[in-house]
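This is what each chain is made of:
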Amino acid sequence: MSYIKLNKQNLFYNLEVCAKQAGDKNKLAIVLKDNAYGHGLLQIATLANEFGIKKAVVQTYKEAITIEHLFDAILILADTKIDTLSHSFHIAINDLQSLEELCENTNIHIKIDTGMHRNGISPEMLEVAIYRALELKLNICGIFTHHKSADELTSDFFYQNTIFQGLKEEVKNICEKLNMPKIAFHSCNSAALFRTKNFTEDFARIGIASYGYLDGVDALNFPSLRPVLSLYGNKLSSRTLKKAQRAGYGGTYSASEDMTVSTYDIGYGDGFRRLGGTEFKTSCGKRILGRVSMDSIIVEGNDEEICIFDNVSELSKIHETITYEMLTSLNQNLKRVID
Ligand SMILES: *Cc1c(COP(=O)(O)O)cnc(C)c1O
């Protein structure tokens with residue numbers, strides 16, 4: 001059976017690098033949405049807990065329930081339909097309407113749209129949102145925003161930062177006036193954290209960096225991290241491919257000499273995206289020959305078990321996408337093994 005191997009040492013290394021940048025591991029919230037970027041929600045949550053991370057970020061209430069026992073605080077980004085009030089759950093408020101959907105005493109973090117124009121309340125409406133939340137007896141625990149291009153060398157990052165810094169002052173003034181408890185401020189994802197020299201916010205929401213990738217132009221000088229996930233396949237069958245014989249759908253690969261080839265039990269049906277070309281050499285040094293089928297690939301050699309990849313950077317370039325998509329594409333039902 002094909003399976004995913006998770007490298008605990010690498011995960012801990014990445015978290016250590018992030019903790020250093022943030023100043024302390026208490027200043028990290030690990031982002032576990034989409035099955036922990038394809039790595040396995042419960043597996044990564046358990047390891048993060050062992051490392052000493054106290055906060056997590058997920059997309060849905062269902063994800064939060066699964067990992068509730070492992071964190072002190074869990075921010076739910078996109079779900080207001082919650083059945084149980086757990087003191088550790090914090091709900092992100094993406095528009096004014098969602099305030100109305102929550103019951104009294106729910107912990108909330110108000111998201112501000114500082115320029116991405118995807119989710120969040122506009123800066124002009126922030127005060128209205130705060131007063132409405134207080135009327136509804138919601139606990140305002142945080143104010144946050146998200147960068148649209150922290151990994152690009154444009155001025156957007158600084159522009160959004162400036163707006164957010166201004167809002168912090170405004171919110172602090174309101175809090176003082178109304179004698180409200182302290183509110184947490186957070187704006188950084190992985191790339192933004194590594195663009196911030198003196199990190200002073202309450203925490204950073206780190207996703208991709210935990211998993212060992214920090215995509216961004218070279219000029220940003222991001223540290224090199226260590227990929228956590230590798231994919232393994234087991235042999236289904238072997239055969240000799242004679243010189244000039246063609247293998248797989250469409251026969252796109254043609255053998256340049258007699259060779260031994262084997263099939264392995266992974267394909268695009270498992271989320272290993274389809275390669276349509278003649279051959280591809282993976283980060284583990286294996287040659288995938290011809291097209292990827294739904295449930296198998298053809299690889300040169302006849303080892304019983306092979307590492308298919310231990311780094312998705314090259315694959316994401318080939319597929320003209322980003323490492324995030326390569327990782328989250330991997331099927332939830334592939335077995336995850338911690339190494
Ligand atoms: C996904 C997400 C993150 C994590 O981003 P990375 O680039 O993976 O670090 C942080 N904050 C929000 C709101 C997100 O949706």
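The structure we're discussing is the one just above.
Residue positions are given per chain, counted from 1 along the sequence in the order it is written. Only residues with pLDDT of at least 70 get local features here, since the model is predicted, and only at 80 or more are side-chain atom pairs given and counted; chain-wide, interface and lining totals rely on the full set of residues. Side-chain numbers come from the whole structure's heavy atoms, not from hydrogens or water.

Looking now at the packing of aromatic side chains. The aromatic pairing rule takes the rings of Phe, Tyr and Trp, using the six-membered ring of Trp, and pairs them if the centres are within 6.5 Å, calling planes under 30 degrees apart stacked, those over 60 edge-to-face and the rest tilted. Tallying each qualifying case throughout the model produces eight aromatic pairs. Seen from their ring centres, Phe272 and Phe309 are 6.1 Å apart, and the 20° between their planes marks the pair as stacked. With a gap of 37 residues between them, Phe272 in the loop between strand E13 (259-264) and strand E14 (279-281) and Phe309 in strand E17 (residues 305-309) connect regions that are remote in the sequence. Burial status follows relative accessibility: with a 1.4 Å probe on protein chains alone, a residue under 20% of its type maximum counts as buried, one over 50% as exposed, and anything between as partly exposed. Using a relative accessible area of 2% as the deciding quantity, one classes Phe272 as buried. We count a stretch as a helix when DSSP gives it H or I for four or more residues in a row; a strand needs E for two or more, and each element gets its number in order from the N terminus.

Following the sequence through the fold, Ile67 ends up in helix H4 (residues 61-67). Taking relative accessible area as the criterion, Ile67 reaches 0% and is therefore assigned buried. Sequence separation between Ile67 and Glu304 is 237 residues, and the spatial gap between their C-alpha atoms is 35 Å. Setting aside residues up to four positions removed in sequence, Ile67 forms contacts with Leu32, Leu41, Leu42, Ala45, Ala56, Val58 and Ile74. For this analysis, residues touch if any pair of their heavy atoms sits within 4.5 Å.

Excluding glycine, most residues fall at negative phi; most peptide bonds, likewise, are trans. Residues other than glycine seldom take positive phi values, yet Asn105 does so here, at roughly 75°. When you line up the elements, Asn105 lands in the loop between helix H5 (96-99) and strand E6 (107-111).

Another aspect to go through is the packing of helix H6 (residues 126-135) against helix H7 (residues 156-178). At a closest axis distance of 11 Å, the pairing of H6 and H7 adopts a crossing angle of 35°. Between H6 and H7 the crossing geometry is right-handed. Residue-level contacts link Leu126, Glu127, Ile130, Tyr131 and Leu134 of H6 to Leu167, Glu170, Val171, Ile174, Lys177 and Leu178 of H7. Put simply, Ala, Val, Leu, Ile, Met, Phe, Trp, Tyr, Cys and Pro go in the nonpolar bin, Asp, Glu, Lys and Arg in the charged bin, and everything else, Gly too, in the polar bin. Class assignment for the residues of the contact of H6 with H7 results in eight nonpolar, no polar and three charged. Every axis in this analysis is a line fitted to C-alpha atoms, fitted for helices over the stretch in contact. Angles between the N-to-C directions lie between 0 and 180 degrees. For a crossing to be left-handed, the near helix must be turned anticlockwise from the far one by less than a right angle; the clockwise case is right-handed.

The subject of this paragraph is the environment of Ile338. Mapped onto the elements of the fold, Ile338 is located in strand E18 (residues 335-338). Separated by 264 residues in the primary sequence, Ile338 and Ile74 place their C-alpha atoms 23 Å from one another. The residues contacting Ile338, other than those within four sequence positions of it, are Leu6, Lys8, Gln43 and Leu47.

Moving on, we come to the site of the ligand. In the neighbourhood of the ligand, 13 residues make up the surrounding shell, with Lys33, Tyr37, Ser190, Arg205 and Tyr324 lying closest. At 2.8 Å from an oxygen atom of the ligand is found a main-chain nitrogen or oxygen belonging to Ile208. Pairing of N or O atoms within 3.5 Å defines a polar contact, subject to two protein rules: one partner must be a possible hydrogen donor and the other a possible acceptor, and residues neighboring in sequence count only if both atoms are side-chain atoms. A distance of 2.7 Å is found between an oxygen atom of the ligand and a side-chain nitrogen or oxygen belonging to Tyr324. Per-residue accessibility takes into account occlusion by the displayed protein chains alone, with areas from the Shrake-Rupley method and a 1.4 Å probe. Within the complex, the protein chains bury 94% of what would otherwise be the 390 Å² of accessible surface of the ligand. Only protein atoms enter the 1 Å grid used here. Points where a 1.4 Å probe fits but cannot escape make up a cavity, open sets with protein on both sides within 12 Å along at least five of seven lines make up a pocket, and a residue lines them when an atom lies within 4 Å of a point. Here the criterion for a molecule occupying a pocket or cavity is that more than half of its atoms lie within 2 Å of the pocket grid points. Taking a 2 Å distance to the grid points as the criterion, the majority of the atoms of the ligand fall inside the largest pocket. Those elements giving two or more residues to the shell around the ligand turn out to be helix H2 (33-37) and strand E9 (204-206). We define proximity as follows: a residue is near a molecule or strand when any one of its heavy atoms falls within 4 Å of that partner.

Bringing H6 into the picture now. Here H6 has its buried residues at Leu126, Ala129, Ile130 and Ala133. All buried residues of H6 project into a common sector of 100° when viewed along the axis, lining one side. Contact partners of the buried residues in H6: H5, E6, strand E7 (139-144) and H7. Taken from the residues just after H6, Lys137 is the one with a positive phi, measuring 60°. Directions pointing from the helix axis toward each C-beta atom define the arc.

In this section: the nonpolar core. Core analysis: the biggest nonpolar cluster contains 103 residues, and Ile30, Leu32, Phe71, Ile110, Ile143, Leu193 and Phe272 have the highest contact counts within it. Considering every element that reaches this core, the biggest residue donor is helix H1 (residues 8-22), with seven residues. Of the domains in this structure, domain 1 (8-220) and domain 2 (229-338) are the two that each give at least three residues to this core. Here Ile143 is in contact with Ile110, Ile112, Leu126, Phe164, Val171, Ile183, Ala184, Phe185 and His186, once residues within four sequence places are set aside. The definition of a nonpolar core used throughout is a set of buried Ala, Val, Leu, Ile, Met, Phe, Trp, Tyr and Cys residues joined through side-chain atoms within 4.5 Å. One finds Ala255, Met259, Val261 and Leu289 within the second-largest nonpolar core, a separate group that totals eight residues. Domain delimitation follows an automatic or database domain assignment.

No statement about biological role is implied by the geometric values presented.
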